[in-house]
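# Summary of the model geometry
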Amino acid sequence: MTFDKDIEFLLRKFSHEIRNPLTTLYSTVQLIEMQHPEVKEFRHWSSIAYDIEYINRLLDDLSDLAKSEQMNPETFALRPFLEKLSLSFAASIARSEVEYTSKIDPHLPQITGDKTKLQEVFLNLLKNAYDASYPDKSIFFCASLEGEDVVITIRDTGCGISEEQLPTIFEPFVTYKKEGTGLGLAICDHIIQAHGGTISVESEPEIGTTFRVTIKAK
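All of the points below concern the structure found in this document. (Residues numbered from 1 in each chain as written. Predicted model: local features only at pLDDT ≥ 70, side-chain atom pairs only at ≥ 80, totals over all residues. Heavy atoms only, no water.)

### Structural notes on the packing of aromatic side chains
A ring pair, where both rings are aromatic, is described by two values, the distance of the centres and the angle of the planes. Throughout the structure, instances matching the rule amount to three aromatic pairs. Consider the rings of Phe-89 and Tyr-100, whose centres lie 5.1 Å apart with planes at 70 degrees: the pair is edge-to-face. Pair noted here: Phe-89 is in helix H3 (residues 78-92) and Tyr-100 is in strand S2 (residues 99-104), with a separation of eleven residues, a long-range link. For the pair shown, Phe-89 and Tyr-100 are each scored as buried. Ring geometry for Phe-170 and Phe-211: centres 6.3 Å apart, planes at 85 degrees, overall edge-to-face. Within this pair, whereas Phe-170 is found in the loop between strand S5 (149-156) and helix H5 (184-194), its partner Phe-211 is found in strand S7 (residues 208-216), the two being separated by 41 residues in sequence. The pair Phe-170 / Phe-211 is uniform in exposure class, with both members buried. Residue placement shows Lys-115 over the ring face of Phe-76; its charged tip is 5.3 Å from the ring centre. (Phe/Tyr/Trp six-rings, centres within 6.5 Å; stacked < 30°, edge-to-face > 60°. Helix = DSSP H or I, 4+ residues; strand = E, 2+ residues; numbered from the N terminus. Buried < 20%, exposed > 50% of the residue type's maximum accessible area, 1.4 Å probe, protein only. Lys NZ or Arg CZ within 6 Å of the ring centre and 35° of its normal.)

Here it is in structure tokens:
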């Protein structure tokens, strides 16, 4: 699925117009808390701040979705890019009980693409894998060259996705996570399509999930 210019404009305008009064609302809530600390003990008060933060995340994701097909391409060496990304993710979960391993082909070529958006995709998929993983389970990150394609695989041994859910996980606003906005995987899909690539998923409940991203080498 791709967006035309009118839809992109509407998504951006919607995000902008909602964010302004939402920022004012959030500031008002914080001011009330400062002047009347006792409100924190009121029933349902905490849910107000939570809902405001959720709407902010949703607006951020809507903005990212609107911009997901806009590329700032450059030609870069893929191996050091992925190695740095992998090390950053490994450091972020170092204190957890989830085992993380990676295997990056030393002969990966240069590619032309938007480094920021590709990083967003892979970190999003890795974070999803971590969120789905149980303690003492594992995540595996692999990047290899298959013919003229670069293939990045992210596999976890977590909770998995049911057969009924699989066909819809890349659709906007579809989420099976308790606190998800339903836009993360849709954004990933749009970014990879904009790079002329594909993203697919295989999963089995209580066994794990594998995401496979394929991008044409330069």
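### Describing the nonpolar core
With 45 residues, the main nonpolar core has Leu-82 and Phe-122 as its most contacted residues. Ranked by residue count, the leading element in this core is helix H4 (residues 115-132), at six residues. Dropping the residues within four chain positions of it, Phe-122 is found in contact with Phe-81, Leu-82, Leu-85, Ile-152, Ile-154 and Val-213. (Core = buried A, V, L, I, M, F, W, Y, C linked by side-chain atoms within 4.5 Å. Contact = heavy atoms within 4.5 Å.)

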